[in-house]
Amino acid sequence: MTRVSFPDDFLWGTAAASYQIEGAWDEDGKGESIWDRFTHTSSKIKHGDTGDVACDHYHRFQEDVALMRELKFKAYRFSISWPRIMPQGKGKVNQKGLDFYSRLVDALLDSGITPLVTLYHWDLPQALQEKDGWANRDIARWFGDYASITARHLGNRVKLWTTMNEPQIFSTLGYLIGEHAPGIIDPLKYFPVSHHINLAHAEGVVAIRAESSTAQVGTVLQLPPIYPRTDSEQDQRAARIMDGLLNRWYAEPVLIGSYPEDMLEILKPLNLPIEEGDLERIHQPLDFVGLNCYTRIFVHHDKNVPMLEAMIDLEHRLPDARYTAMGWEIYPPALYESLMRFKNEWGDPPVYVTENGAAFDDEVVNGEVDDQPRIDYLKGYLREVRRALDEGIKVKGYFLWSFMDNFEWAFGYTKRFGIVHIDLNTQKRTPKKSALWYRELSENGGFEL
Ligand code: IFM
């Protein structure tokens, strides 16, 4: 048997996000978020599910942290709900919201679990959406104020901070395709939105640093490798453009201080609202980057897509490949390929894998969940992390998505990513076989193939 081992100080954690687990959507002074509004009013969520109760983590966080402790996890990545802290998105602060996260952080630290905070995992205050949300340049300042207040209260105990979660996902799904909140389909708005997200990231970094001298600050990018569907020149160009749109457009301003030249050329007719000094501001030095990676994406040439002439092939299936319940190809080298880009293209920063994991159709049988396919998935991807470490990539830790089954956005509760099973009727938590396997890994720093 071969053993795959990791450094002693490697941080083994799990991840989750506020709207997906907390519930308590209108309790203790919390304001409405765009996801509250979207799930309550749009027909785009499977079975009409909402995050109103979700995993009831807001009331059960002590129990959840106790379980993490029992499972020997060393770190936990969670996000803060902006409207819980500032119900209107700016101005008045909700002390009860701050107190909740303060108690969560204390519970984690008392259990020897390192918190990693993400400030924005998609639940924008609805009040800011009424002011045009991410399409309004002022949002950079509003985000900076929110970051500042949060870091002022938690910065004496939280060391690891990230500003955004997957900017390209919430901007494309929210403003280009309309499948996520706020449900807008407006290509002309999309590019200003993307630029304002990058600007807000910078304001967040500056604000966190101003409040906490010990903070280590980064952001979280999802960077799937993009493959052409065929070897044709047209498909290869399409893949390059899609990589520019989804990956380089967000990684490069933040990590190397410029937008990709090829994209700027293509997007010239749009007259993007990039002002003098913006890129210098966006290019804040970072202590680390968070990488989310699940699979690779295939792309083909499509002359009907204005300017880009590229389209993602979501239905593309390879005869010998395996797929998760999301229909995502299980392709472990994706993680290695994405990690290598940091060294080869983007300045070689320290990296945490902030999300990786899989949804499967898990079932409880006699009180147990045997999710061997998830363990196999994890082994495959973690071998690729080891391969990247061997190539000198500075990978510092790994956060498995997700700690428990939760609200999977437009899919509602139909997709189970957790290593802890949730019975949504009783809220009973049952660690799956993968959670027990991950406990061993977290304790011993390695696994047998
Ligand atoms: O559940 C999501 C998470 O909110 C963001 N990254 C991908 C996960 C799985 O789709």
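All values derive from a computational prediction rather than experimental measurement.

The rules behind these values
- Residues numbered from 1 in each chain as written.
- Predicted model: local features only at pLDDT ≥ 70, side-chain atom pairs only at ≥ 80, totals over all residues.
- Heavy atoms only, no water.
- Helix = DSSP H or I, 4+ residues; strand = E, 2+ residues; numbered from the N terminus.
- Rg over C-alpha atoms; globule rule 2.2 N^0.38 Å.
- Buried < 20%, exposed > 50% of the residue type's maximum accessible area, 1.4 Å probe, protein only.
- Contact = heavy atoms within 4.5 Å.
- Lys, Arg positive; Asp, Glu negative; His and termini not counted.
- Charge placed at Lys NZ, Arg CZ, Asp CG, Glu CD.
- Pairing = 2+ DSSP bridges.
- Axes fitted to C-alpha atoms, helices over the stretch in contact; angles between N-to-C directions.

A. Geometry of the overall build of the protein. Tallying secondary structure elements over the protein gives 15 helices and 15 strands in all. Computed over its C-alpha atoms, the radius of gyration of the protein comes to 21 Å, within 12% of the 22 Å expected for a compact globule of 449 residues. In terms of principal-axis extent, the alpha carbons of the protein reach across some 60 × 55 × 45 Å. Buried positions account for 61% of the 449 residues belonging to the protein. Relative to all contacts within the protein whose residues are 6 or more apart in sequence, the contacts with residues 24 or more apart total 77%. Averaging the positions of the 49 positive and the 66 negative side-chain charges in the protein gives two centres separated by 3 Å.

B. Seen up close, the sheet that holds strand β9 (residues 297–301). Spatial ordering of the open sheet is given by β7-β9-β10, a layout of three strands whose pairing is mixed. Both outer strands of the open sheet, β7 (226–228) and β10 (310–312), are each paired with one neighbouring strand and no more. Shown here is a sheet whose adjacent strand axes are inclined to one another by a mean of 40°, direction ignored. Where β7 meets β9, three bridges bridge the pair, whose relative direction is parallel. Bridge pairing in β9 links I226 to I297.

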